Amino acid sequence: MKTVNMERHYGFSPEDNLNQLVDIVKDKLLEHKFPLAARTDTAFLTKFIRGKKYNAEAAVASIKKYYDNIYSNLRLMQGIKPELCRDAYELNAVKLLKYRHNGVQIVYITMKNWDTKVVDLRRLEQAASFLVEELLQDVEVQVNGFGVIVNMNGFGFGHAKQFTYHEIKYGIKMVLEVFPVKVAGIHMLNTPIIFWPLHKIAMKLVPQKMQRRFHVHSDLQSLNNVIPSKCLPVSLGGILEEHEAWDTNVFSNILQKNACYDSKPLFL
């Protein structure tokens, strides 16, 4: 794993105080009555502490929202295992770049590979949740977060009608409030006209700080100005051959973890 430069981010190393922060968060959680048994183990709590920039109060608030969301959607979430998302992974609509930019893991989504007749948006969201969980096992991702490149080529009405107002709001809530993840940036390519009404809705639902991390690129050169070519395949304006650019193991690793969800039917 690459060295996480805490001093660059915070001016000091908050990892030195991690155990103390875990104790603070644990004590505050024990004061709260959850409708479900809440995890208080260090591995679980540190994901939220790092994801919320070592702010104990923010970590506690995020954990509460995490469990509130699970309880309100319990019927939908119980019994969900990676194997049920196999079709979503086999579409090859979501891929993972092997090389990180400044420690940020980069996810690539290509809309032309998403067949909505095979996998609907909710199943795709479940598949993405398992991916987020897998990525969050890495301390560097917990600290630096991940970025997303979305190639909108092939995005049509079949895709657009999946994104109802409710689904857009739910997806934003999951990313910004429920999961302990940092989104370093979202980069859009080949945006069609049909995309812009959805973009307008989404921008009204996210804070200005997140709006500034949303970028629409007119061409690959614009993307390369933000994400260097050494991290990208030739198909995205980079210098890497396709077989060099992608992490080909991550989804097979996820699919091998079905047994984990027999005793742990919840994410993270």
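Relevant structure appears above.
The present account deals with the structure reproduced in this document. Owing to the predicted nature of the structure, the values given are computational and were not obtained by experimental measurement.

Cut-off values and rules
Residues numbered from 1 in each chain as written. Predicted model: local features only at pLDDT ≥ 70, side-chain atom pairs only at ≥ 80, totals over all residues. Heavy atoms only, no water. Axes fitted to C-alpha atoms, helices over the stretch in contact; angles between N-to-C directions. Helix = DSSP H or I, 4+ residues; strand = E, 2+ residues; numbered from the N terminus. Parallel < 35°, antiparallel > 145°, perpendicular 65-115°, else oblique. Contact = heavy atoms within 4.5 Å. Nonpolar A, V, L, I, M, F, W, Y, C, P; charged D, E, K, R; others polar. Core = buried A, V, L, I, M, F, W, Y, C linked by side-chain atoms within 4.5 Å. Buried < 20%, exposed > 50% of the residue type's maximum accessible area, 1.4 Å probe, protein only. Pairing = 2+ DSSP bridges. Phe/Tyr/Trp six-rings, centres within 6.5 Å; stacked < 30°, edge-to-face > 60°.

## Comments concerning the packing of helix α2 (residues 18-30) against helix α3 (residues 42-51)
Axis separation between α2 and α3 bottoms out at 10 Å; the angle between their running directions is 100°. One way to sum up the angle between α2 and α3 is to call them roughly perpendicular. Two secondary-structure elements touch here, α2 through L18, L21, V22, V25, K26 and L29 and α3 through T42, L45, T46, I49 and R50. When its residues are assigned to classes, the contact of α2 with α3 shows seven nonpolar, two polar and two charged.

## Concerning the nonpolar core
Judged by nonpolar contacts, the single largest core of 66 residues is most densely connected at V25, I49, I63, Y66, Y89, W114 and L131. With near-sequence residues (within four places) excluded, L131 lies in contact with Y89, V94, V107, V250, F251 and I254.

## Quick notes on the sheet that holds strand β5 (residues 214-217)
The sheet built from five strands is open, its strands ordered β1-β2-β3-β4-β5 with mixed pairing. Only two strands of the sheet have a single neighbouring strand rather than two, namely β1 (94-96) and β5. Put simply, the sheet's adjacent strands are angled 20° from each other on average, direction ignored. Pairing analysis gives three bridges linking β1 to strand β2 (residues 105-110), with the strands arranged antiparallel. Bridged to L96 within β2 is V107.

## Structural notes on the packing of aromatic side chains
Tallied over the full model, the rule gives 10 aromatic pairs. Look at F44 and Y66: their rings are 5.7 Å apart centre to centre, the planes differ by 55°, and that puts the pair in the tilted class. With F44 in helix α3 and Y66 in helix α4 (residues 56-72), this pair connects stretches of sequence that are 22 residues apart. The burial state of F44 is the same as that of Y66; both residues are buried. Between F48 and Y66, the aromatic rings sit 5.6 Å apart at their centres with planes inclined by 70°, giving edge-to-face as the arrangement. Placement of F48 in helix α3 and of Y66 in helix α4 is noted, with a sequence separation of 18 residues between them. Both residues of the pair, F48 and Y66, belong to the buried class.

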